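# Observations on the three-dimensional arrangement
Chain by chain, the residues:
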Amino acid sequence: MRDNQLKAVHPSDLKSLLKSLGIYNSVCDNKETCFFCHNVIAEDTISAVFPFENSVCFCCGNPSCCNTLIDLESEEDDCG
Ligand SMILES: [Zn+2]
């Protein structure tokens, strides 16, 4: 499997990942939003965490957001 940008995060690892990125408190304070629909995300609604332009972005559990994220990955594959 190729090592691509998408980090599929297991829920049990999410908290430690967020803490290591220094954004766990922001998530708890409802300051972080879904990259695609801009709804506020919470620890239990994050479906993916991924880097974008030197910042950390989130995808919520909305199926349309997840599909958009998959499309992004597919487009990058096409370019490569
Ligand atoms: Zn979303």
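So, how was this worked out
Residues numbered from 1 in each chain as written. Predicted model: local features only at pLDDT ≥ 70, side-chain atom pairs only at ≥ 80, totals over all residues. pLDDT = per-residue confidence, 0-100. Helix = DSSP H or I, 4+ residues; strand = E, 2+ residues; numbered from the N terminus. Core = buried A, V, L, I, M, F, W, Y, C linked by C-beta atoms within 7 Å. Buried ≥ 20, exposed ≤ 12 C-beta atoms within 10 Å, placed from the backbone. Contact = placed C-beta atoms within 7 Å. Pairing = 2+ DSSP bridges.

### Here we look at the confidence of the model for the protein
On average, residues of the protein score 84 in pLDDT, and 80% of them are at 70 or above. Mean pLDDT values over the elements of the protein span from 81, in helix H3 (residues 63-79), up to 95, in helix H2 (residues 24-28).

### Details of the nonpolar core
Membership of the largest hydrophobic core is limited to 12 residues, which are Leu18, Val27, Cys34, Phe35, Ile41, Ile46, Val49, Phe58, Cys59, Cys60, Cys65 and Leu69. When contributions to this core are tallied by element, the ones reaching two or more residues are strand S1 (46-52), strand S2 (55-60) and H3. Among the elements that line this core, the one with the most residues is S2, at three residues. Excluding its chain neighbours within four sequence positions, the residues that come into contact with phenylalanine 58 are Glu32, Cys34, Phe35, Ile41, Ile46 and Val49.

### What about the pairing of S2?
Relative to S2, S1 is paired through six bridges, and the arrangement is antiparallel. By the bridge assignment, proline 51 is partnered in S2 with valine 56. Joining the antiparallel neighbours S1 and S2 is a turn of two residues, in which glutamate 53 adopts a positive phi near 50°.

### Quick look at the environment of asparagine 62
Locating asparagine 62 in the fold gives a position in the loop between S2 and H3. Along the sequence, asparagine 62 and isoleucine 46 sit 16 residues apart, while their C-alpha atoms lie 9.4 Å from each other.

### Considerations on the environment of asparagine 39
Tracing the backbone through its elements, the reader meets asparagine 39 in the loop between H2 and S1. Taking the C-alpha atoms as reference points, asparagine 39 and cysteine 60, 21 residues apart in sequence, are found 7.9 Å from one another.

### Observations concerning unusual backbone geometry
Backbone geometry places asparagine 30, a non-glycine residue, at a positive phi of 60°. Relative to the helices and strands, asparagine 30 is located in the loop between H2 and S1. By the C-beta count within 10 Å, which is 10 here, asparagine 30 ends up exposed. The backbone phi angle of histidine 38 is positive, close to 65°, even though this residue is not glycine. Here histidine 38 shows up in the loop between H2 and S1. Histidine 38 gets classed as exposed once you count the C-beta atoms within 10 Å, which come to 10.

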